[in-house]
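So you can see what is in the structure, the chains are spelled out below.
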Amino acid sequence: MKKIILTIFVAASFLASCSDAYEVEQPGFVSDEASVFSTPEQVSRGVKALYNVIPAEQEVQFASFYTDELGIGLGNLGQGTNDGSYNFSLISNNEYANSIWANYYNIINRANRIENRVKELLPTASQDEILKYNQSLAEIYALRAFSNLKLFSYFTPDYTNPSGLSVIKFDFLQTDNYTRFEKRATVSEIVAFIEDDIAKAKSLAGETGMENFASGYASNAMLEAILIKLYSMVQTPAAYTELENAFNRLSEIKNLGGANEFLSMFGEGDGTEGIFKYIRVVTDGTGIQSGVANAWYPTNITGQAYMEIGRSLYNELDKLDPALTGKQLHDYKTYSAQQRDSLVTATYSRLDARYGASVFDAGTTKRGSTIVAQNYLGLTPEEYREQDVLRIGKYQGLNATQRPLMNSIWVFRFSDMLLALAEKRAANGNLTGTVALGDYSNVESIIFNLRSHRNTDESLTPVDMPTNFSSPQQAYARILEERRVEFAFEGHRYLDMKRLGVKAGSPGFVRHEKDCLNVCSLEPSSYKLTMPIPRPEMVANPNMVQNTGY
Amino acid sequence: MRSRFTWILTLFFALIMQVGFAQSGKQVTGVVKTEDGDPIPGATVMVVGTTFGTDTDDEGKYTLSLKKGDKVRVVYEGFKAVTLTVGDSSVLNATLVEDESVLLGDVVIDMYRTVSKEKSAVAATTVTSKTIEGRPNASFLQTLQGQIPGLNIATGSGQPGSSDTQVLLRGLGSINGNVQPLYIIDGVPMSSDRFRSINPNDIENISVLKDAGATAIYGNRGANGVIVVTTKNASFDSALSVKYVGTVGVSSLQENQYNLMNTNEYDSFLKRAKAAYPSANPPIPSLTAAQRKVDTDWTDVFMRDALMSTHTLSFSAGSKNLSSYTSVGYSDYEGILKDTGLQRFNFRSNLNGKSSDDRLVFGTNVSANFSKNDQATSVGTNGINQNYFLGAFQAAPWVDPNLYTNGRELYNNYANGTFGDWLTPLMLMDKMRSDQQVQNEFKLLVNGNISYKLTDNLTLGNNSGVDYQTIHQNGTSKYDSFNQILFYGSREWQGSVNNINESRMVFSSNTSLKYDNTWNDVHTLGAGVYVEYIKGHLTSSSINKLGFDPIFWSEDGSTGWIQPTASTALLYAPTASMLKQNAGMFSYFGNANYDYDRRYGVDVTIRRDASFRFTDENRWGTFWSVSGRWNINNEKFMENSVFNNLKLRGSYGTTGNQDILNTGFFGAEQRYQTLYRSGAQYNGQQGLYISNLPNPNLQWEIVKQGNIGLDFGVWNDRLRGSLDVYNKRTDDLYLTQFVSAINGATSIPANYGSLENKGVEIGIAGDVIRKDNTRLTLNVTGAYNKNKVLEIPSETGYYWNPDLSYGYQVGGVVNEFYLFEFAGINPNTGMMEFYTKDGGVTEQPTDADRRWLGKSSVPVYQGGFGLDFEHNGWFLTANFTYAQDVWRFDNDYWFYTNPSVLGNGNISNDYADFWTPTNRDARFPRLDGSNYDRSFDSDFYIQDASYVRLRFLSVGYNFKKKDLDFLKLSGLRVYAQGENLYTWTKWRGWDAESNRTFDYGQYPTPKTVSFGVEVSF
């Protein structure tokens, strides 16, 4: 008896002393980089994952709230007001600033790691593999240049001061040395860094490499676009020369398309104008509320909106077709007071495509559509809220039943580059002159060309043209106005004002008095046109210097 | 109850307490019994004035050599001692009466050892079934509140069965890691702190172990204290006893002090606001004539008086070598929010056996529990169509609930805009009708223990157990609900079901070799060596499905499944996920204790632990403790003093915390490595990416604790209590370390920083009246805990997570609010003003203007006080709890005083004091847009959440045995009781006690009135 019991105890203790209790293997955990990235295909999958980190939705949403693009919607429940964004309250823990900063540095960190891994793989790679690896490297440098361009544009206080503070120059492998704290590099250092990456990408891509990608990926055209946007910020004569060179190279592959092609770009189309877009598909996101438009609409763009088009922006869009300025979208025949589904008896379609691209029109039903009050100035606040419903229509959803708020987002379009060229023309004093199709020699002609391609009658003549190009300041003002309607809700307005506002003599972001809450405008010289360095970076990094004002 | 104690103590006294023998005189024999006639084995029979005596055997018998006139004192823990005088007879029997006056338990039970209170050198408090039984709380944790000095229990949810109860022992010992104690039930460490399946009526006692002397033996998980739960057992040689405990009661919502508006008040507020701010944007709304006629109390629509009932039937019996305790229980707790509740079925069987020579002792505990929990979802969120409490608490009084007919019509009204923005309560009425979430939990606790005495002094033992738990959660949203139409109305099929299945199994085994011996009557040595092995496996899977055919819809939603086709795959194909986790720990340790003459004792523990969470270099941790005691009352010089108990204790030692990210036994694995994952699709392409940044330096959080305590009893324990002073220091704190974004993340978990908790705990009880039929006991527990951040290794000397309103600065308190200080409303502009860092004021403060406010949501003072009164079978128990110097952010109030809510939801009458050009010294800023968003980062809404609460009140009658004879009952007790009856507090919300720093739209704990009966056959 005693022995049996003893045996049991000894066996039990033996069983209990196994080290498997602490050397626990977690099923499916992989920690070895070499076993994750060891073929060109795996490296390519690593690069593709980087696109997913681009905070494109946040950029668009940020620019809508912190500029004069939005007004308060009928279904507003404190959106924009409770967090102060509608009053231009921008603080150092701004979620958009945090997201933009963290995500673009995340992309660079991962890009640098893959670059390092590819360099380990290259010596033993076959000729065919080397070609593929080089393509991935080209894409990595393109994405790194792109990320640096974004960081540069949001966080640099003064683009035109070569020795002024910009962002971190992140050109090294960073794995787990968390005590490495970088300083902000200067403007000229970051500009050179971006130029260098573009050059590397071009040489690695070779003759055809980057051309093989669709507009959702890095491409030769995207590389030129990065340069053009970069030089438009730097604004030195040398930079402007480079801008024009890049523009000329870009013109060989991209050009303005017609108005209907333009409209199709906000669906699935690429057009001849599309350079780089952030592709979204119906399986992205975590549900029906995912997508760029979820900052303005709870569930779909016909539902009650948190935010709608601000009146000051709407009026700019409305002005594009002077014959119909002030008109409503439709005349409805109303059945009864209860039933707001109504029959359309007349339609006042604007000829300039940019009105239709930005203003949502549900057509036959008044409910869920844009309702324009012609006498909005005379309405009481309540009436204005209910009778002047201006719906944002640029992102109409990939699929009404699956992702009604989600859309692909354009990052670079040709017209953006063309207007960048116009900025150069304005700087050089080329304000007016020959105004003709295909002539980009002066500001007026560039705007003429753009507007010609936005006329939905496809006649290639402008619906209307601004007239005052009398001074560089006026020319800048025209460019800024043109950009406001061309790129409404595409995330440009904030940076456009930062870059051009003072030169254009603009009053800055100005809400219409009907939309005004408390703080109704933000002057273009405000410190708030540079984003704050996010709080987590300030807390973590003793070498980081905060931007003025935060 | 006494009989079940017997078994535990038999083992103990038989092994350790071998008192002296031998004396000349005649052989006197006797039997020591209880009032009920049960023999008491292991009682000590001492000859008064000597150290001679003996223990009773298994049948309660003793034999001593005595002279006529000798006095013997019969002592047994839990009973009043009696002194008998030897007469002519050679038989001297004793009957012991249970001593109910004992405040603190008489034994300290932990997983590894059981020590008499007298010989215990540690800070521990034991609560017995007397305190726990029959209370109308679904979780026994809530019952412990105010009973144990230093144990702070804050329940954050009134959802029956919620595990949202924060238990803090001696303050917050960690910041990001686990702060809750380790729970052990019948020797099995729990894999989680979910107790919804445990029947409180099965609990015999709960020991709360506090200082390092008590907890170091738990090493890796002892850092935050240990709560050891022992369930009921039967004694050997006992007749069948059957007992029924039943409670029925009703719970209701507690009061609030938000001073919310009725329709009239709201209407006149809007009129006044409109007049003051005619051009505000968004415009100040006005009520319609129809709305003015409505005055709805929305809490009545969503909340209810909830019924609860609980029934436990237990059977216990024992033969010579075998005893068994079996109980079955059924409970039904309705939640005060409609359609929430908990139903529970429990079965427990404890079986104990021993060999005739007492060398082999074994026991098994099997507990099978099934519970069904109807849960409210989205509680505490801002989803106006999801969180019921926004309907119950925030909805406007002028909305008519009769406007709700069905989901379709509600949706049409929403889409048409015929209703404004105030649909919230109607959406939630619809959700209540059409959504449900039910969680079924099955929990099986099985454990077996065996011990064998190799020699008289050496015992080999093993205790192995399994904690097995499955959770099946099923949530449904009906096809015709508002939310389904809102989100999926454009599809052909609606209705959604989400389903989660999880199972977790934790096996633990502990093998020990223990040695006990006594020399020369005065030297007692006990020692043990142990090996412990714990391994756990968790698997979980989930499925989400949209699209059901209404013809075949069922409430739990698995029927009528719409099969996806190639063209509808994106709409109707279910999404699913799977998860697998393993965890384990391994330890070996030893413990030795030495006693000299019941006067001095030392206890030493050392333990080596390995955790699966750390790298090879950091895997093992060593923890130790030393404790000592001096039983002053056993000294010669104390012989005639009033002290029947006076003991000084001291301990110092270390424990560890390996639960880095507060994920429990599972999770937070391999954080020391770079990990990769497949996923992150772009344009439908499967990417490869890094999913974890490594911190190879992660290691144990180390807690060092010193404790000095005094236990005392005077005038035969008429006044008794204990006092403890401690200093507890946590080093290598887990904190979210912010890192530069160049690392590809902005933070990683890391060990850095130190904090300390210093405090005093006191528990005193006194019998003001102590007569045979009348007894009045007053008791008080109190704890003062001062925590301090000692070290933050950053240049600034502080640590602040920028997403939070609180942080940690060296010298400051833990979780200290770090906010702008509100300076007042500018009388000229109506804007809020805040102090700048230079002492000026500004409307737009920046981060540099933040201040450390010295306030925290962790209470500094907390405890309880109460009384027990008994008279001729009547009894009254009252128990108050309190927490002082505790501050929280009132997020509900923020919405009650916020212009964006006007016309949407209810507001406070306080808000009527808003700024206008004619009301310049207003409490609230101007209504037409302001910088009030900054108040969210300020102390404007920080509220004193101190409280005193009548936590428990019970009145009842204990029938005398002789009155029950005709019913053939052996005991009958009836009582009425109340929980949370009244609270004195400045906190405005429904529940001052919440464990959260921010409170918004939460499920408050209720007050409960109940009636109970206990019948013994």
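Structure's up top.
Residues numbered from 1 in each chain as written. Chains lettered and ligands numbered in written order. Predicted model: local features only at pLDDT ≥ 70, side-chain atom pairs only at ≥ 80, totals over all residues. Heavy atoms only, no water.

Draft legend 1. Representation of the sheet that holds strand β43 (residues 841-842) of chain B within the structure. Residues and elements named next belong to chain B. In spatial order, the strands read β41-β42-β43; together these three strands make up an open sheet with antiparallel pairing. Looking at the sheet topology across the chains shown, the edges are occupied by β41 (822-825) and β43. As paired elements, β41 and strand β42 (residues 832-835) share three bridges and run antiparallel to each other. Bridge pairing in β42 places I825 opposite M832. (Pairing = 2+ DSSP bridges. Helix = DSSP H or I, 4+ residues; strand = E, 2+ residues; numbered from the N terminus.)

Draft legend 2. Structural view of the pattern of salt bridges. Residues and elements named next belong to chain A. Scanning all chains against the criterion turns up 88 salt bridges over all chains. Among the salt bridges present, the one from E115 reaches K119, with a minimum N-O distance of 3.2 Å. Taken together, the residues span about one helical turn, with E115 and K119 both in helix α5 (residues 95-121) at a distance of four residues. By relative accessible area, which is 10% here, E115 ends up buried. Residue class for K119 comes out partly exposed when judged on its relative accessible area of 46%. In the salt-bridge network here, residues are joined through shared partners; they are E273, D352, R354, K394, R413, R451, R454, E482, E486 and E490. (Salt bridge = Lys/Arg side-chain N within 4 Å of Asp/Glu carboxyl O. Buried < 20%, exposed > 50% of the residue type's maximum accessible area, 1.4 Å probe, protein only.)

Draft legend 3. Region of the structure containing a negative patch on the surface. Residues and elements named next belong to chain B. A contiguous patch of negative charge, built from D295, D297, D300 and D305, is present on the exposed surface. Within the secondary structure, D295 is located in the loop between α6 (289-292) and α7 (298-302). Given a relative accessible area of 51%, D295 falls into the exposed group. (Patch = residues over 30% accessible without salt bridge, like charges linked within 9 Å, V, L, I, M, F, W, Y side chains within 5 Å. Areas by Shrake-Rupley, 256 points an atom, 1.4 Å probe, with all protein chains shown as cover. Lys, Arg positive; Asp, Glu negative; His and termini not counted. Charge placed at Lys NZ, Arg CZ, Asp CG, Glu CD.)

Draft legend 4. Quick peek at the nonpolar core. Core analysis: the biggest nonpolar cluster contains 158 residues, and W101, Y105, W296, F412 and Y494 of chain A have the highest contact counts within it. With 14 residues, helix α6 (residues 127-155) of chain A is the single largest residue contributor to this core. (Core = buried A, V, L, I, M, F, W, Y, C linked by side-chain atoms within 4.5 Å.)

Draft legend 5. A look at the interface of chain A and chain B. Contacts between the two partners involve 103 residues from chain A and, on the opposite side, 102 residues from chain B. Taking both partners together, chain A and chain B bury about 8500 Å²; carbon and sulfur atoms supply 57% of that area. Here chain A is connected to chain B by four salt bridges. We note a salt bridge from D20 of chain A to K535 of chain B, for which the minimum N-O separation is 3.2 Å. On inspection of chain A and its partner chain B, the count reaches 33 residue pairs in polar contact (both at pLDDT 80 or more). Secondary structure elements with two or more residues in the side of chain A that touches chain B: α1 (2-16), α2 (33-36), α3 (40-51), α5, β2 (274-278), α13 (381-387) and α18 (535-540) of chain A. At eight residues, the largest contribution of residues to the side of chain A that touches chain B is made by α1 of chain A. Here the residues of the side of chain A that touches chain B sort into 45 nonpolar, 34 polar and 24 charged. (Contact = heavy atoms within 4.5 Å. Buried area = accessible area lost by both parts, 1.4 Å probe. Polar contact = N/O pair within 3.5 Å; in protein donor to acceptor, adjacent residues only side chain to side chain. Nonpolar A, V, L, I, M, F, W, Y, C, P; charged D, E, K, R; others polar.)

Draft legend 6. Spatial organisation of the sheet that holds strand β3 (residues 53-55) of chain B. All names here are of chain B. Pairing is antiparallel across the open sheet formed by four strands, whose spatial order is β3-β2-β5-β6. Each of the sheet's edge strands pairs with one partner strand only, and the pair in question is β3 and β6 (82-85). The mean angle between the axes of side-by-side strands here comes to 20°, regardless of whether they run parallel or antiparallel. Relative to β6, strand β5 (residues 71-75) is paired through four bridges, and the arrangement is antiparallel. Counted as the bridge partner of V72 is L84 from β6. (Axes fitted to C-alpha atoms, helices over the stretch in contact; angles between N-to-C directions.)

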